[in-house]
Amino acid sequence: YMQRFMAFDDRDCLRLVLEEVSNCGGADAFPEVEELVRRKGEAFLALMGRGIEPIPGALPLIEQLSARMPLAIASGACRHEIELITAALGIDSRFDAILGADDVERSKPDPEVYSLAVRRLSRCHPKKEIEPRHCLAIEDTTGGIASAHQAGLLTLGVCTNLPREYLLRAHHVVDGLEQ
């Protein structure tokens, strides 16, 4: 999962897993995907009820960066799930834009979510020169790094989910956000 599917949104991940195990495909081959996505959402909400533990170093980094520059979230997760997490951690006001899988037609590794995030930041801050080449994507998956590269962003790979050797396509790799 970590190596092959993590960057995908729920629908694409489940569809790809089902294609792989059944050896067939097509957009309509798996009508049960929507039901599985719904059930995954329910499981997520149940886990949220137990509390959220942020990635070590994430909260101080967000606080420091948001005081100095515009920030966005460009994720393969559903936006409402992202918003639940940022609200629970008290950091929702630190982001100028929050984009999830339901905001784009194609999820990571497609660059659409990053391209849209750059456009939203640029609209929020018209006096700043916000272009993809001036933006940094902090990523922990190979698909996310590929997505950011295709959108023209710089990338920082963080070894929270995968070992360093999987993230070497990033411009720079760190072991954790404290670095």
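Computed from a predicted model, the values in this text were never measured in an experiment.

S.K.: Got a minute to help me understand the state of the cysteines in this structure?
M.R.: Each disulfide consists of a covalent bond between the sulfur atoms of two cysteine residues. According to the stated counting rule, one finds 0 disulfides in the structure shown. Left unpaired, cysteine 135 is separated from the closest cysteine sulfur, that of cysteine 124, by 12 Å.

S.K.: For this particular structure, what's the right way to read the environment of valine 17?
M.R.: Relative to the helices and strands, valine 17 is located in helix α1 (residues 10-22). Here the alpha-carbon distance between valine 17 and glycine 41, two residues 24 residues apart in the chain, equals 17 Å.

S.K.: Looking at this structure, I do not really get the pattern of salt bridges. What am I missing?
M.R.: As a working rule, side chains carrying opposite charge can pair if their charged atoms are close by. In the structure shown here, the tally under the stated rule is 8 salt bridges. Taking the shortest distance from any N to any O, the salt bridge between arginine 79 and aspartate 103 comes out at 2.8 Å. Taken as a pair, arginine 79 in helix α4 (residues 79-89) and aspartate 103 in the loop between β2 (97-99) and α5 (112-124) lie far apart in primary sequence, 24 residues in all. On the basis of relative accessible area, aspartate 103 is assigned to the partly exposed category, the value being 21%. Ionic pairing is found between aspartate 175 and arginine 164, a salt bridge with its closest N-O pair at 3.0 Å. Residue aspartate 175 is found in the segment after β5 (172-174), and its partner arginine 164 is found in the loop between β4 (154-158) and β5; the two are separated by 11 residues along the sequence. Exposure remark for arginine 164: the relative accessible area of 34% places this residue in the partly exposed category. Taken together, the salt bridges that share partners define one network made up of Arg106, Asp110 and Glu112.

Thresholds, definitions, all that
- Residues numbered from 1 in each chain as written.
- Predicted model: local features only at pLDDT ≥ 70, side-chain atom pairs only at ≥ 80, totals over all residues.
- Heavy atoms only, no water.
- Disulfide = S-S within 2.5 Å.
- Helix = DSSP H or I, 4+ residues; strand = E, 2+ residues; numbered from the N terminus.
- Salt bridge = Lys/Arg side-chain N within 4 Å of Asp/Glu carboxyl O.
- Buried < 20%, exposed > 50% of the residue type's maximum accessible area, 1.4 Å probe, protein only.

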